[in-house]
Amino acid sequence: MIREKKIKFAKLLLALSLVLILTGIGLHLDEEKSLNLTTKTHMIGELSQQDISITTTDDPIGEDITSNNNTSQTEKTTPETKTPPVENINPTTKEAASDNSPPVTIQDTNNTLRNSLQNQYGITIRYGAETNGYMVAGLTTNHLTDPNRINEILNTLNVALSHYPSGIFTETKQAGYTLTIYLIKSYSQNNVTGITDSTTKNILISLATDFSFEESLYHEVYHYLEKYMYAKGANYTTWNSLNPPEFSYGKTNSNLSYTTANNPNSYFVNNYAQTDQYEDRASTFEYMMDDVEASCLTTGTTIWKKAKYICEQIDAVFQSVSPTVTEYWERFIYN
């Protein structure tokens, strides 16, 4: 009798295991169906929110990427603020150091600056050999080895992060949305400028420093902030009403883009913004953070309306953002 009960129990466990296996296969098939063939990104979870965002450019590395104001992406970066190599340090400074103190190297300077940024903003920054072997979205990466270039990027990052409210990254981190930034040289697909991996709440942004760094940073950081914003109830339900009638994301029309049509009344800042609504907002935010106001952000234009919509959602979500303060990204919108 006991033996028969054991046999029945074993059969029951076997049947339950088969059910779980079949369920897992079904879930996997559903997940594969959420592959976005237009952007080649994989959306896990809600289909309305991309979890891996790949930002690309059609322009090859090394050529100027110009907009209608004839300013190249390279020219838009913050002026170089390189820390001089050790051999260029004033000799009197060296003599003032203790004989027992090791010489200050550019690597030491970079690590000190990196630690300062991490402590100030509550983020994690990785570069050099620390990113060696990193793969994302099926792409391999080439790590950044030049210490002087690393120093230049860290100084640019320092300035760029100062344009955000002091508590905004603390707010996201306290809600469990951590941010890690990988500073890499390039991806195996050479037109990729940055990738935001938000498949978990531990979000990782990787940036190809062969391209204009600031633009990529602002674009990817917006993806990070919007991930948090959606979790906190951000609402872009009427976003598509700002697009042309019958327009569908994923089909590029250069006549609708500011950079190609040279029209301040364009619907999109560039062709890449036509990928989907998430890239549309991130690309628009990138322009909002630019050093120079683009004419497409003139009050009353469609892109200005999109930018204002973004500002309103950020104001509504973040406690560290005050509606009575004009934030850096709002200076062209509320002027």
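Cut-offs and rules
- Residues numbered from 1 in each chain as written.
- Predicted model: local features only at pLDDT ≥ 70, side-chain atom pairs only at ≥ 80, totals over all residues.
- Heavy atoms only, no water.
- Helix = DSSP H or I, 4+ residues; strand = E, 2+ residues; numbered from the N terminus.
- Buried < 20%, exposed > 50% of the residue type's maximum accessible area, 1.4 Å probe, protein only.
- Contact = heavy atoms within 4.5 Å.
- Salt bridge = Lys/Arg side-chain N within 4 Å of Asp/Glu carboxyl O.
- Core = buried A, V, L, I, M, F, W, Y, C linked by side-chain atoms within 4.5 Å.
- Polar contact = N/O pair within 3.5 Å; in protein donor to acceptor, adjacent residues only side chain to side chain.

Draft legend 1. Summary view of the overall build of the protein. On a plain count of helices and strands, the protein comes out with nine helices and nine strands. Within the span of the protein, comprising 335 residues, buried residues form 46% of the whole. Partitioning the contacts of the protein with sequence separation of at least 6, the portion at a separation of at least 24 is 66%.

Draft legend 2. Spotlight on the pattern of salt bridges. Going through the model one piece at a time under the given rule, you end up with six salt bridges. With a shortest N-O distance of 2.7 Å, D280 and K306 are connected by a salt bridge. Taken together, the residues D280 in helix α8 (residues 277-288) and K306 in helix α9 (residues 302-317) connect sequence positions 26 residues apart. For the pair shown, D280 and K306 are each scored as buried.

Draft legend 3. Here's a closer look at the nonpolar core. Formed by 64 residues in total, the largest nonpolar core has its most connected members in Y164, F169, F285, I314, F318 and W329. Top element by residues in this core is helix α6 (residues 213-231). It accounts for nine residues. Leaving out residues up to four positions away in the same chain, F285 has contacts with Y164, Y218, Y222, I310, I314 and W329. Counting residues in hydrophobic clusters, the runner-up holds 13 residues, among them I52, I54, L139 and I184.

Draft legend 4. Highlighting the side chain of S257. Mapped onto the elements, S257 comes out in the loop between α6 and α7 (258-261). Take S257: its relative accessible area is 0%, and that puts it in the buried class. Within the local environment of S257, its side chain forms a polar contact with the side chain of Q274, the two groups lying 2.8 Å apart. The contact partners of S257, leaving out residues within four places of it in the chain, are N262, S266, F268, V269, N270, N271 and Q274.

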